[in-house]
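Here's the letter readout for the chains.
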Amino acid sequence: MADQTHVLFVEDDDVIREATQLALERDGFAVTAMPDGLSGLEAFRADRPDIALLDVMVPGLDGVSLCRRIRDESTVPVIMLSARADSIDVVLGLEAGADDYVTKPFDGAVLVARIRAVLRRFGHAGGGDRGEPAADPAGGVLTFGDLEVDTEGMEVRRAGQPVALTPTEMRLLLEFSSAPGTVLSRDKLLERVWDYGWGGDTRVVDVHVQRLRTKIGPDRIETVRGFGYKLKA
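Basis of the calculations
Residues numbered from 1 in each chain as written. Predicted model: local features only at pLDDT ≥ 70, side-chain atom pairs only at ≥ 80, totals over all residues. Heavy atoms only, no water. Helix = DSSP H or I, 4+ residues; strand = E, 2+ residues; numbered from the N terminus. Buried < 20%, exposed > 50% of the residue type's maximum accessible area, 1.4 Å probe, protein only. Contact = heavy atoms within 4.5 Å. Areas by Shrake-Rupley, 256 points an atom, 1.4 Å probe, with all protein chains shown as cover. Axes fitted to C-alpha atoms, helices over the stretch in contact; angles between N-to-C directions. Parallel < 35°, antiparallel > 145°, perpendicular 65-115°, else oblique. Left-handed = near helix turned anticlockwise from the far one by under 90°. Nonpolar A, V, L, I, M, F, W, Y, C, P; charged D, E, K, R; others polar. Core = buried A, V, L, I, M, F, W, Y, C linked by side-chain atoms within 4.5 Å. pLDDT = per-residue confidence, 0-100.

## With respect to the overall build of the protein
Argument step 1. Each helix and strand counted, the protein has 8 helices and 11 strands in total.
Argument step 2. Across the 233 residues that make up the protein, the buried fraction comes to 48%.
Argument step 3. In the protein, once contacts between residues fewer than 6 apart in sequence are set aside, the share between residues at least 24 apart is 58%.
Argument step 4. Summed over its atoms, the accessible surface of the protein is roughly 10600 Å², and 49% of this surface lies on carbon and sulfur atoms.

## A short note on the packing of helix 2 (residues 37-47) against helix 3 (residues 63-73)
When two helices pack together, you describe them by how their axes are tilted relative to each other and by the distance separating the axes.
Argument step 1. Here helix 2 crosses helix 3 at 20 degrees, and the two axes come no closer than 10 Å. With respect to helix 3, the element helix 2 is oriented roughly parallel. In this structure, the crossing between helix 2 and helix 3 has a hand that is right-handed. Contacts from Gly37, Gly40, Leu41, Phe44 and Arg45 in helix 2 reach Leu66, Arg69, Ile70 and Glu73 in helix 3.
Argument step 2. Taken together, the residues of the contact of helix 2 with helix 3 break down into 4 nonpolar, 2 polar and 3 charged.

## Some remarks on the side chain of Ser177
Argument step 1. Checked against the element boundaries, Ser177 lands in helix 6 (residues 167-178).
Argument step 2. Of the residues examined, Ser177 reaches a relative accessible area of 4% and is grouped as buried.
Argument step 3. Beyond its immediate stretch of four places on either side in the chain, Ser177 contacts Leu142, Phe144, Val149 and Leu231.

## Observations concerning the nonpolar core
Argument step 1. With 50 residues, the main nonpolar core has Leu54, Met80 and Phe176 as its most contacted residues.
Argument step 2. With 6 residues, the top contributor of residues to this core is helix 8 (residues 203-216).
Argument step 3. Contact partners of Phe176, with chain neighbours within four places excluded, come to Leu184, Leu189, Val209, Leu212, Ile221, Tyr229, Lys230 and Leu231.
Argument step 4. Among the nonpolar cores identified, the runner-up in size contains 16 residues, and Val7, Phe9, Ile51 and Val102 belong to it.

## Focus on the confidence of the model for the protein
Argument step 1. The predicted model of the protein averages 87 in pLDDT, with 89% of residues at 70 or higher.
Argument step 2. Residue range residues 125-138 is modelled with pLDDT below 50. Its contacts to residues more than four positions away, or to other chains, number 27 contacts.

Take a look at the structure:
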């Protein structure tokens, strides 16, 4: 297991859990599969997996609450599974700190592609440190008002105080800070931050921008209606 990517998979449906575990293992992943949120939390704390795959509707501790508990302790990537694409569950999961979501029923190949995309942008698949985005090769500290972005140290400060960002939030901020004043469309952000080579749900972008605003200042990232977002220089 030490040489494999370790996936924590929490799903209460026996058929889906067993079939998905087998599919992931065939693709080379090591999988710990749990039927409820409480056992999932125990497994997370015991095993410290590389990525967590959480169904929204699981007993004991639902997937959204489990995501919050994980996010309180770690920046490990989290993908939520939801049976309803239009459900508020999707937004709640993202607001809880999930990095992406996949709608059920899902194709195994699509799920594996999404897992690998998340791992790539977290640096795991490329041999980087677990849970950390790759550093900007340009380096340096960028300043925007009271906001400082250290692109080498992967640190952010606001009014001199450190700001704790998840790796996805950090990558999003790096995209904005690399082109201050330039409008970045949701599709472009999906491509650059989420590594989507296909169409994706822009709610992922909107919720992460909202989370980022609460941490770096509500007015720092401006919405350009009909086009996207830009960082105020």
